[in-house]
There are 2 protein chains.
Amino acid sequence: MIDVCQIRCIHQDSVNRAIGGRTDDGVLEEAARLLGVISDPTRLKIMDALRLGELCVCDLAAVLGMSVSAISHQLRLLRTSCLVRGRRDGKIIFYTIHDEHVEKLMDMALDHCRQRCGA
Amino acid sequence: MIDVCQIRCIHQDSVNRAIGGRTDDGVLEEAARLLGVISDPTRLKIMDALRLGELCVCDLAAVLGMSVSAISHQLRLLRTSCLVRGRRDGKIIFYTIHDEHVEKLMDMALDHCRQRCGA
DNA sequence: ACTATAATTGAACAATTGTTCAAATATAGG
DNA sequence: CCTATATTTGAACAATTGTTCAATTATAGT
């Protein structure tokens, strides 16, 4: 029994408007998943490191001071979410930010958290 | 003993460039925390519902079909991260998106996940 | 083929997260 | 003041997540 509160407290018209105009659940869930991928410090540091140019797994491990395995696990997530892309050159795979749209998304997030909160 | 790989595989200059140019750890961790807040389906749905106008906790519970308590818990996170703001009118508190910068950030995330992945 | 190296993968464990349920605030009206 | 209502809060539990360790795949050189 969900405690959706009694009819008297709901602003029915506002609720209807919100229900009518809401974004498809699937899209929102996919977006949440995507944001979840860049909401991890390690992955954000990886993306940040890649902004100045391509790096291999080993380089990233050196930059972040973490194990190659840990980095690789995170890279997989970033790859499958189209946030980074890799190009193979012999034994080595070089990673870069997937596209500038992604870079912009990162910038906006960094911007927001640099602004102080008024209320 | 961390398996930072042997010197031979590191591209030293690239690594130095990345280390020199990297964003402050604190900022990245704060950004990660912020992104974490909007990376949850429930919270994203709350934000989506608020785009068309202010709603109270009770309205949001009705729109999402969830308990008032669950919504309230999530609203707290959204409030303390300056993603939504509330104004009190008597017994009722009406919530809205904090500012248009936040709205833009959401749009970008939704955009990205609507684009298909090439590789 | 055989060896060495770059990178990925799987299982497991610790740590974090989201929801529920019950209880506590805060505001308004009689 | 006492009751009713809107919202918040705390504790607990289930589910998810990130790292480590060990083993595996992929590529290149000899």
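Calculation notes
Residues numbered from 1 in each chain as written. Chains lettered and ligands numbered in written order. Predicted model: local features only at pLDDT ≥ 70, side-chain atom pairs only at ≥ 80, totals over all residues. Heavy atoms only, no water. Pairing = 2+ DSSP bridges. Helix = DSSP H or I, 4+ residues; strand = E, 2+ residues; numbered from the N terminus. Contact = heavy atoms within 4.5 Å. Buried area = accessible area lost by both parts, 1.4 Å probe. Salt bridge = Lys/Arg side-chain N within 4 Å of Asp/Glu carboxyl O. Nonpolar A, V, L, I, M, F, W, Y, C, P; charged D, E, K, R; others polar. Axes fitted to C-alpha atoms, helices over the stretch in contact; angles between N-to-C directions. Parallel < 35°, antiparallel > 145°, perpendicular 65-115°, else oblique. Left-handed = near helix turned anticlockwise from the far one by under 90°.

## Describing the sheet that holds strand 3 (residues 92-97) of chain A
All names here are of chain A.
Okay, step 1: Read from one edge to the other, the open sheet built from three strands follows the order 1-3-2, with strand pairing classed as antiparallel. Looking at which strands have only one partner, the edges of the open sheet turn out to be strand 1 (55-56) and strand 2 (84-89).
Okay, step 2: In terms of strand pairing, strand 1 meets strand 3 through two bridges, oriented antiparallel. Bridging from a neighbouring strand, Cys56 pairs with Phe94 of strand 3.

## Some thoughts on the interface of chain A and chain B
Okay, step 1: Chain A puts 65 residues into the contact, and the matching count from chain B is 65 residues.
Okay, step 2: Of the roughly 5,700 Å² buried between chain A and chain B on both sides combined, carbon and sulfur atoms contribute 72%.
Okay, step 3: Put simply, chain A and chain B have four salt bridges between them.
Okay, step 4: Ionic pairing is found between A:Lys45 and B:Glu29, a salt bridge with its closest N-O pair at 3.2 Å.
Okay, step 5: Elements supplying a minimum of two residues to the side of chain A that touches chain B: helix 1 (12-21), helix 2 (25-37), helix 3 (41-50), strand 1, helix 4 (57-64), strand 3 and helix 6 (100-114) of chain A.
Okay, step 6: A total of eleven residues in the side of chain A that touches chain B trace back to one element, the largest contributor, which is helix 6 of chain A.
Okay, step 7: Looking at the side of chain A that touches chain B residue by residue, the classes come out as 37 nonpolar, 13 polar and 15 charged.

## Considerations on the packing of helix 6 of chain A against helix 6 (residues 100-114) of chain B
Packed helices, taken two at a time, are described by their axes: the angle between them and the distance between them.
Okay, step 1: The geometry of helix 6 of chain A relative to helix 6 of chain B is characterised by a closest axis approach of 10 Å and an angle of 155° between their N-to-C directions. By the criterion of interaxial angle, the relationship of helix 6 of chain A to helix 6 of chain B is roughly antiparallel. For the crossing formed where helix 6 of chain A meets helix 6 of chain B, the hand is left-handed. For the pair helix 6 of chain A and helix 6 of chain B, the contacting residues are A:His101, A:Val102, A:Lys104, A:Leu105, A:Met108, A:Ala109, A:Asp111 and A:His112 in the first and B:His101, B:Val102, B:Lys104, B:Leu105, B:Met108, B:Ala109, B:Asp111 and B:His112 in the second.
Okay, step 2: Among the residues forming the contact of helix 6 of chain A with helix 6 of chain B, the class breakdown is eight nonpolar, four polar and four charged.

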